[in-house]
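So the chains spell out like this:
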Amino acid sequence: MKANQNNHTPDPQNKRKKTIRRKKKSRSGISSTLLYLLSILVISAVLATTGILLSNDLFALAKPDRDITVTIPEDASVKQVSKLLDKSGVVNYGSFFRLFTGIVYKDIEFRPGMWTLNSDMDYREIVNEIRLTSKSTVTVTIPEGYTINNIIDLLVENGLSSENELKTVLQNSSFTYDFLPEDVGNETNSLEGYLFPDTYEFYLNDSAETIISKMLGNFENKINDDSNGKSLAELCKEKDISISDMVIIASMVEKESVDAKDMLDVSGVIWNRLNHKSEYPYLNIDATIQYVVGHTELTDADMKYDSPYNTYTSKGLPPGPICNPGYDALLAAVQPSVHDYYYYVANADHTAHIYAKTQEEQTANIAAVQREKDAAGD
């Protein structure tokens, strides 16, 4: 009996061990619970942050205001366009844009070509800007040297917009390209010079703003194109002039010259005068007066016309471009011919210029041209 009693006598040491084991198990359970709760909090925070970022991108709640030009290829898929917009910075999450577009828009097609979008546009605005709603297009060629008014007339003639809509966009829309001068849109500079002359294909349902943006985007691409060497923007930096000064000079070169070679020489004359302002304070460019008076046959009164565009009475460059120059004129503005000429006059049939180093030579050249005209009965 004692033996059996001894066998059933509780062991205090053993009881203590069991108690200790229970305590360890309890602490381990608490740690697991805390770790689980912490994991839930971290995951929730990540999901909340991701949701905020995606919402900001979707609704453009806190995105910068920046114009971005993108080129959409023919028959581009939603996947291709999403990657393109992500890479260019129009959207921050291309995969989310793709998901949104696939859910909201069924069987969507995109308009191929060059489009200017803004990084502060929400997803719906982006899609509505680049989606194909009409396949009817109009091809328009804008010649080098056209003024803003010439371009407006051409676009209206082709049924793309109204004169009032185009002028409203030109004066009131806030385009945010880095190359545009600060005074763009005022009475002396309403995007004149920056609507790049080219052949464009516009959709009939394009808005006036889309049409103008397309031309501005083309200008941006042209001045940054370095496929044939240094870009025009790089050449401006080397010559230490602004993009706006390049465009102003190029616009005068475009209007005054007869061909690409002549552009280089005319630009050389302009630069020679700009570099020797004390001796030649006035550029004496007829085309700048023609721009403000509206006709080419200048009278004595026209030559005295009171305007900052009159380069016979106002020193240095005019306040803005006088037309929209092409690439050759822009290149000539930053890479002029190197010579000693300060004057030129058109020959009798206006097919070339005769250059002079001094006023005496210029006077003699003008007299010779006049004699030739008189002999021809002009």
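The rules we used
- Residues numbered from 1 in each chain as written.
- Predicted model: local features only at pLDDT ≥ 70, side-chain atom pairs only at ≥ 80, totals over all residues.
- Heavy atoms only, no water.
- Helix = DSSP H or I, 4+ residues; strand = E, 2+ residues; numbered from the N terminus.
- Expected span 1.5 Å × (residues − 1).
- Buried < 20%, exposed > 50% of the residue type's maximum accessible area, 1.4 Å probe, protein only.
- Contact = heavy atoms within 4.5 Å.
- Salt bridge = Lys/Arg side-chain N within 4 Å of Asp/Glu carboxyl O.
- 1 Å grid on protein atoms, 1.4 Å probe; cavity = no way out; pocket = protein on both sides within 12 Å on 5 of 7 lines; lining within 4 Å.
- Points joined across faces, edges and corners; volume = space filled by probe spheres on them.
- Phe/Tyr/Trp six-rings, centres within 6.5 Å; stacked < 30°, edge-to-face > 60°.
- Pairing = 2+ DSSP bridges.
- Polar contact = N/O pair within 3.5 Å; in protein donor to acceptor, adjacent residues only side chain to side chain.
- Patch = residues over 30% accessible without salt bridge, like charges linked within 9 Å, V, L, I, M, F, W, Y side chains within 5 Å.
- Areas by Shrake-Rupley, 256 points an atom, 1.4 Å probe, with all protein chains shown as cover.
- pLDDT = per-residue confidence, 0-100.

Glancing now at helix α11 (residues 260-274). Taking 1.5 Å per residue as the helical rise, α11 with its 15 residues ought to reach 21 Å, and the 21 Å between its terminal C-alpha atoms agrees with that figure. In terms of burial, α11 is largely enclosed, as twelve of its 15 residues are buried. Along α11, the residues that are buried comprise Asp-262, Met-263, Asp-265, Val-266, Ser-267, Gly-268, Val-269, Ile-270, Trp-271, Asn-272, Arg-273 and Leu-274. Those residues of α11 that are buried are in contact with α9 (232-239), α10 (243-256), α14 (327-334), β5 (343-346) and β6 (353-356).

Scanning the entire structure with this criterion turns up five salt bridges. One salt bridge in this structure joins Arg-111 and Asp-206, with 2.1 Å as the shortest N-O distance. Of the two residues, Arg-111 sits in the loop between α4 (94-104) and β2 (113-118) while Asp-206 sits in the loop between β4 (199-203) and α8 (208-224), which places them 95 residues apart along the sequence. Look at Arg-111 and you get buried, because its relative accessible area is 5%. The class for Asp-206 is buried, based on a relative accessible area of 7%. Across the pair Asp-265 and Lys-261 runs a salt bridge, and its minimum N-O distance is 2.8 Å. Pair noted here: Asp-265 and Lys-261 are both in helix α11, with a separation of four residues, about one helical turn. Among the residues examined, Asp-265 registers a relative accessible area of 14% and is labelled buried. Classification of Lys-261 as exposed rests on a relative accessible area of 51%.

By volume, the largest pocket amounts to about 1000 Å³. Lining the largest pocket are 32 residues, with Glu-256, Asp-286, Val-345, Ala-346 and His-350 positioned closest to its centre. Looking at the lining of the largest pocket, the elements with two or more residues in it are α10, α11, α12 (286-293), α13 (300-303), β5 and α15 (359-376). A total of six residues in the lining of the largest pocket trace back to one element, the largest contributor, which is α15.

Glancing now at the packing of aromatic side chains. Tallied over the entire structure, the rule returns 15 aromatic pairs. With centroids separated by 4.8 Å and ring planes inclined at 50°, the aromatic side chains of Phe-179 and Phe-219 adopt a geometry described as tilted. Highlighted residues: Phe-179 in the loop between α7 (163-172) and β4 and Phe-219 in helix α8, separated in sequence by 40 residues. Overall, the relative accessible area of 1% leaves Phe-219 in the buried class. Centre to centre, the rings of Tyr-344 and Tyr-355 are 5.8 Å apart; their planes meet at 50°, and the pair counts as tilted. With a gap of eleven residues between them, Tyr-344 in strand β5 and Tyr-355 in strand β6 connect regions that are remote in the sequence. Using a relative accessible area of 16% as the deciding quantity, one classes Tyr-355 as buried.

On a regular strand, each side chain points to the face opposite its neighbour's, so the side chains alternate between the two faces of the sheet. Where burial is concerned, most of β2 is hidden: five out of the six residues are buried. As paired elements, strand β1 (residues 67-72) and β2 share six bridges and run antiparallel to each other. Each bridged residue has a counterpart across the sheet, and for Thr-69 the counterpart in β2 is Thr-116.

Let's shift gears to the side chain of Ser-119. Structurally, the position occupied by Ser-119 is in the loop between β2 and α5 (123-130). Reaching out from Ser-119, the side chain makes a polar contact with the backbone oxygen of Pro-64 at a distance of 2.6 Å.

This part takes up a nonpolar patch on the surface. Residues Leu-99, Ile-103 and Val-104 make up a contiguous nonpolar surface patch of roughly 270 Å² in combined accessible area. In this structure Ile-103 comes out as exposed when scored by relative accessible area, which is 55%.

The share of residues in the protein with pLDDT of 70 or more is 84%, and the mean pLDDT across the chain is 86. This model gives residues 15-20 a pLDDT under 50, and the stretch forms zero contacts once residues within four places in sequence are excluded.

Attention now moves to the pairing of β5. Across four bridges, the pairing between β5 and β6 is antiparallel. Each bridged residue has a counterpart across the sheet, and for Val-345 the counterpart in β6 is Ile-354. Hairpin remark: β5 followed by β6, antiparallel, with six residues in the connecting loop; positive phi at His-350, about 60°.

Taken residue by residue, α14 has Ala-329, Leu-330, Ala-332, Ala-333 and Val-334 as its buried positions. Contact partners of the buried residues in α14: α8, α9, α10 and α11.

This part is about the environment of Ser-95. Within the fold, Ser-95 resides in helix α4. The spatial distance from the C-alpha of Ser-95 to the C-alpha of Lys-79 is 8.1 Å, given a sequence separation of 16 residues.

Here we take up the side chain of Ser-267. Residue placement: Ser-267 occurs in helix α11. Beyond its immediate chain neighbours, meaning those up to four positions away, Ser-267 contacts Ile-249, Val-253, Ala-332, Ala-333 and Pro-336.

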